[in-house]
Each structure stands twice: as structure tokens, then as C-alpha cells.
Amino acid sequence: MSAPYVSPVPFEPVHPKTLAVYCPDGRFTEAVEDLARHLGHPRIDTLTLPGGPALLNRWASDYLESEGFTKAARFLIEGHHIEDVLMLAHAGCGYYHAKHSALGPDIAVEQQLKDLHFGAKELQTAYPHLRIHLYYVRPHGKTLEFEPIPREG
Ligand SMILES: [Zn+2]
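The paragraphs below set out a description of the structure included in this document. These figures come from a predicted structure and were not determined experimentally.

This brings us to the overall build of the protein chain. Scanning the protein chain from N- to C-terminus turns up four helices and five strands. For the protein chain, the α and β elements follow one another from N to C terminus as β-α-β-α-β-α-α-β-β. Against the globule reference of 15 Å for 153 residues, the protein chain gives a C-alpha radius of gyration of 16 Å, in line with a compact fold. For the C-alpha atoms alone, the extent of the protein chain along its principal axes is close to 55 × 40 × 35 Å. The buried share of the protein chain, taken over its 153 residues, is 41%. A sequence separation of at least 24 residues applies to 73% of the contacts in the protein chain between residues at least 6 apart. With an accessible surface of roughly 9,200 Å², the protein chain has 59% of that area assigned to carbon and sulfur atoms. Averaging the coordinates of the 14 positive side-chain charges in the protein chain and doing the same for the 19 negative ones gives two points 2 Å apart.

Here it is in C-alpha cells:
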């Protein structure tokens, strides 16, 4: 048997209090962690499935998938005592392309924003204490821009 690999990254036994909900798209992973640090959250829990926040909208996504994703969100928020949630949608999202491409890219963005607001409202109603932050992510050449989306209502 070969020796286990020991990571130089230290283990921190306390759960982060911030949860990021987004796509499992490796092009964004490091930048999302960087955004979280920039906002004062040095470590994050993550909840990722293609579509990210879209899956919190059971009316606009597959019902069973949405059910499972919402359950996972609740599990993390309650079990890990989450206080801040970052919800991110991104330009060129394959999930929306697959689902809404017939409607054109502008409609897809509109639906992404709708889904962000819907998901935020759902979580806020279930957990009034949460601070929920919405972002739309766009690549600009070699950089990524995180545009804060103001909450509705
Ligand atoms: Zn995506």
C-alpha cells in the first residue's frame, strides 16, 4: 500500500458560515472563492449542480431535481448554521442553453435573473435571518466580473 497523500492545506474543523450556490463549472470555482474572500468570507460551503440557483425554482426546473437541491440547501443552512448565502448565475450557462436556447440569449439572462430572485425569496422566507447576495458573473477577456444584483421587494 502506498502512503497517503497529506495536503499542506490546513484542516479547519469549524464549518464556514457562508454558502455559495452556483454551477459546478470549474472555470469559476477559484474566482467564486476569491469573491467570497473579498466580501469577508474566508471559507465557503458550496452547493453546486448545473444551473445552480435555477434549481431553487421548482416552477422553472425539473421538479424532483429542484426538490433534492432545495433539501440540500436546507440541510446545509440548518446543519452548518449558515448566515450568508451567495447565489450566482453566469453568462454562457450550459444549463440555460440546453433549456432555453430556443428563446435566445436575452431571454435566457432574463430567466436567470428571475430564478435568482425566486430562489432568494424562497430561502429568505424559510430563513429570515439569512443575508442573501445575488451576482451575475461575466467573463471579460481574461477576467471575471461579478455584478451585484439588487434584491427585489
Ligand atoms: Zn452554468
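Structure shown, so let's carry the discussion forward.
Quick look at helix H1 (residues 29-38) now. For H1, the set of buried residues is Ala 31, Val 32, Leu 35 and Ala 36. What you see down the axis of H1 is that its buried residues fit within an arc of 145°, all on one side. Those residues of H1 that are buried lie in contact with strand S1 (18-22), strand S3 (84-90), strand S4 (131-140) and strand S5 (143-149). Positive backbone phi, at 95°, marks Gly 40, one or two positions downstream of H1.

Time to look at the coordination of the zinc ion. The zinc ion binds to the protein through Cys 23 (SG), His 90 (NE2) and Cys 93 (SG); the donor distances cover 2.1 to 2.3 Å. In primary sequence terms, the donor set of the zinc ion follows C-x66-H-x2-C. Of this pair, Cys 23 sits in the loop between S1 and H1 while His 90 sits in strand S3, and the two are 67 residues apart along the sequence. Residue His 90 is classed as buried on the basis of its relative accessible area of 5%.

Turning our eyes to something else, we now look at the pattern of salt bridges. The final tally for this structure, using the stated rule, is five salt bridges. A salt bridge links Asp 84 to Arg 131; the nearest nitrogen and oxygen atoms lie 2.7 Å apart. A residue pair is termed long-range when its members are at least 10 positions apart, and Asp 84 in strand S3 and Arg 131 in strand S4 qualify at 47 residues. With a closest N to O distance of 2.8 Å, Glu 147 and Arg 138 form a salt bridge. By relative accessible area, which is 34% here, Glu 147 ends up partly exposed. Owing to a relative accessible area of 29%, Arg 138 belongs among the partly exposed residues under this scheme. Through salt bridges with shared partners, a single network forms among Glu 83, Asp 84 and Arg 131.

In this section: the side chain of Asp 25. Looking at the element boundaries, Asp 25 is found in the loop between S1 and H1. Reaching out from Asp 25, the side chain makes a polar contact with the side chain of Arg 27 at a distance of 2.7 Å.

Now for unusual backbone geometry. Non-glycine residue His 81 carries a positive phi angle of around 50°. Within the secondary structure, His 81 is located in the loop between helix H2 (63-79) and S3.

Cut-offs applied
Residues numbered from 1 in each chain as written. Predicted model: local features only at pLDDT ≥ 70, side-chain atom pairs only at ≥ 80, totals over all residues. Heavy atoms only, no water. Helix = DSSP H or I, 4+ residues; strand = E, 2+ residues; numbered from the N terminus. Rg over C-alpha atoms; globule rule 2.2 N^0.38 Å. Buried < 20%, exposed > 50% of the residue type's maximum accessible area, 1.4 Å probe, protein only. Contact = heavy atoms within 4.5 Å. Areas by Shrake-Rupley, 256 points an atom, 1.4 Å probe, with all protein chains shown as cover. Lys, Arg positive; Asp, Glu negative; His and termini not counted. Charge placed at Lys NZ, Arg CZ, Asp CG, Glu CD. Arc of directions from axis to C-beta. Donors = N, O, S within 2.8 Å, 3.2 Å for Na, K, Ca; no water. Salt bridge = Lys/Arg side-chain N within 4 Å of Asp/Glu carboxyl O. Polar contact = N/O pair within 3.5 Å; in protein donor to acceptor, adjacent residues only side chain to side chain.

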